[in-house]
Amino acid sequence: MTNGIPNTNAVIECILSRSAAKYYDPAATLSDDQIRELVRIGTSAPTSFHMQNWRFIAVRTPEAKARLSPIAWNQPAITDAAVTFIVCGQLADSSVIPERLAPLVEAGVMPAMMVPEWEIPARDLYMEYPQRRRDEAVRTATFGAAAMIYAARSLGLGSTPMIGFDAEAVHREFGLTEDEVPVMLLSVGVERPGNWAQKPRRPVVDVLDLV
């Protein structure tokens, strides 16, 4: 035990050992099923009002990588990693809530009469506030990407989140819709030697206020 936390907890060890990868084995690939599984895990992350307002574009073929690389600063991870996800957040839209909650109603988890109790406050919270809608898109995409990062680590894969790209060019080249925001790129693949261990973080005392 360290400060009341078990030292052998696999999830915590995964989080504490993760580091952004710089070097990938360019010969290693991931199957489409492995890519789908990473996204499935990513979509278990929380979203506001269960809107699930995200989309993931898996750039995995040489042709697609060649389209992405020049509009993403020619970062080596894009061509060397098995896949680079364009992680998109969608502007918060309360009108999707009935559809997104329908499986919960059908499964008996939520009574149908509760659906408007989610949709109406979401409409009031977001729909007249463009910045809030965009903020929620970024939050949602980030939660999903974080889940994928730790899932990749648990599977023995490296990952690299990147914000170095031309957002307008990515939007245009990969056909994003008007309500989609390319929040980040996330490369995932088999690491090769030379990557750093996780860098030391600031002390908790510098970042935590107990009130």
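Quick note: structure is the one above.
Residues numbered from 1 in each chain as written. Predicted model: local features only at pLDDT ≥ 70, side-chain atom pairs only at ≥ 80, totals over all residues. Heavy atoms only, no water.

Enquirer: A description of the overall build of the chain should follow, citing residues and the corresponding values.
Expert: Secondary structure assignment for the chain yields 9 helices and 4 strands. With the C-alpha coordinates of the chain rotated into their principal frame, the extents come out at 55 × 50 × 35 Å. Of all intrachain contacts in the chain linking residues separated by at least 6 positions in sequence, the fraction that spans at least 24 positions is 79%. A total accessible area of about 12400 Å² is found for the chain, and carbon and sulfur atoms account for 57% of it. With 20 positive and 25 negative side-chain charges, the chain shows a spacing of 6 Å between the two charge centroids. (Helix = DSSP H or I, 4+ residues; strand = E, 2+ residues; numbered from the N terminus. Contact = heavy atoms within 4.5 Å. Areas by Shrake-Rupley, 256 points an atom, 1.4 Å probe, with all protein chains shown as cover. Lys, Arg positive; Asp, Glu negative; His and termini not counted. Charge placed at Lys NZ, Arg CZ, Asp CG, Glu CD.)

Enquirer: Can you lay out the environment of Asp124 for me, pointing to particular residues and giving the numbers?
Expert: Relative to the helices and strands, Asp124 resides in helix H6 (residues 115–126). Between the C-alpha atoms of Asp124 and Ser94, which are 30 residues apart in sequence, the distance is 8.8 Å. The contacts of Asp124, once residues within four sequence positions are left out, are Tyr129 and Arg132.

Enquirer: Please give an account of the nonpolar core that cites residues and values.
Expert: In terms of nonpolar packing, the biggest core is built from 24 residues, with Leu30, Leu38, Phe85, Val87, Leu186 and Val188 touching the most fellow members. Ranked by the residues each element gives to this core, the list is headed by helix H7 (residues 130–154), at 7 residues. Among the nonpolar cores identified, the runner-up in size contains 20 residues, and Ile78, Ala81, Phe165 and Ala169 belong to it. (Core = buried A, V, L, I, M, F, W, Y, C linked by side-chain atoms within 4.5 Å. Buried < 20%, exposed > 50% of the residue type's maximum accessible area, 1.4 Å probe, protein only.)

Enquirer: Please give an account of the sheet that holds strand S1 (residues 54–59) that cites residues and values.
Expert: Read from one edge of the open sheet, 4 strands run S1-S2-S4-S3, paired in antiparallel fashion. Both edges of this open sheet fall to S1 and strand S3 (158–162), since each of them pairs with a single strand only. Averaged over all neighbouring strand pairs, the angle between strand axes comes to 25 degrees, with direction disregarded. Pairing analysis gives 5 bridges linking S3 to strand S4 (residues 180–189), with the strands arranged antiparallel. (Pairing = 2+ DSSP bridges. Axes fitted to C-alpha atoms, helices over the stretch in contact; angles between N-to-C directions.)

Enquirer: Can you explain the packing of helix H1 (residues 10–17) against H7? Please cite residues and give values.
Expert: Put simply, H1 and H7 touch, their axes get as near as 9 Å, and they point 105 degrees apart. One element, H1, and the other, H7, form an angle in the roughly perpendicular class. Note on element contacts: H7 touches H1 through Tyr150, Arg153 and Ser154, opposite Cys14, Ile15 and Ser17. Among the residues forming the contact of H1 with H7, the class breakdown is 3 nonpolar, 2 polar and 1 charged. (Parallel < 35°, antiparallel > 145°, perpendicular 65-115°, else oblique. Nonpolar A, V, L, I, M, F, W, Y, C, P; charged D, E, K, R; others polar.)

Enquirer: Pulling in residues and values, what's your account of the pattern of salt bridges?
Expert: Applying the stated criterion across every chain yields a total of 7 salt bridges. When the shortest N-O distance is used, the salt bridge between Arg55 and Glu180 registers 2.7 Å. Within this pair, whereas Arg55 is found in strand S1, its partner Glu180 is found in strand S4, the two being separated by 125 residues in sequence. A relative accessible area of 30% means that Arg55 is categorised as partly exposed. With a relative accessible area of 4%, Glu180 lands in the buried category. (Salt bridge = Lys/Arg side-chain N within 4 Å of Asp/Glu carboxyl O.)

Enquirer: Can you explain H6? Please cite residues and give values.
Expert: With 12 residues, H6 should reach 16 Å at 1.5 Å per residue; the first-to-last C-alpha distance of 17 Å fits that figure. Regarding H6, the residues found buried are Val115, Glu119, Ala122 and Tyr126. Buried positions in H6, seen along its axis, are confined to an arc of 70 degrees and lie on one side of it. Among the exposed residues of H6, those oriented more than 90 degrees off its buried face are Glu117 and Asp124. (Expected span 1.5 Å × (residues − 1). Arc of directions from axis to C-beta.)

Enquirer: Talk me through the environment of Ala21; I want residue IDs and the actual numbers.
Expert: Mapped onto the elements, Ala21 comes out in the loop between H1 and helix H2 (32–42). The class of Ala21 is buried, set by a relative accessible area of 5%. Expressed as a C-alpha distance, the spacing of Ala21 and Trp196, which sit 175 residues apart in the sequence, is 7.6 Å. Setting aside chain neighbours within four positions, we find Ala21 in contact with Gly158, Ser159, Thr160, Glu191 and Asn195.

Enquirer: Report on the packing of aromatic side chains, specifying residues and quantitative values.
Expert: Taken as a whole and judged by the stated rule, the model has 2 aromatic pairs. Aromatic side chains Phe49 and Tyr126 sit 6.4 Å apart centroid to centroid with 85 degrees between the ring planes, which places their arrangement in the edge-to-face category. Of this pair, Phe49 sits in the loop between H2 and S1 while Tyr126 is found in helix H6, placing the two residues 77 residues apart along the sequence. Between the aromatic rings of Trp54 and Phe56, the centroid separation amounts to 6.1 Å while the plane-to-plane angle is 45 degrees, which identifies the pairing as tilted. Using a relative accessible area of 16% as the deciding quantity, one classes Phe56 as buried. (Phe/Tyr/Trp six-rings, centres within 6.5 Å; stacked < 30°, edge-to-face > 60°.)

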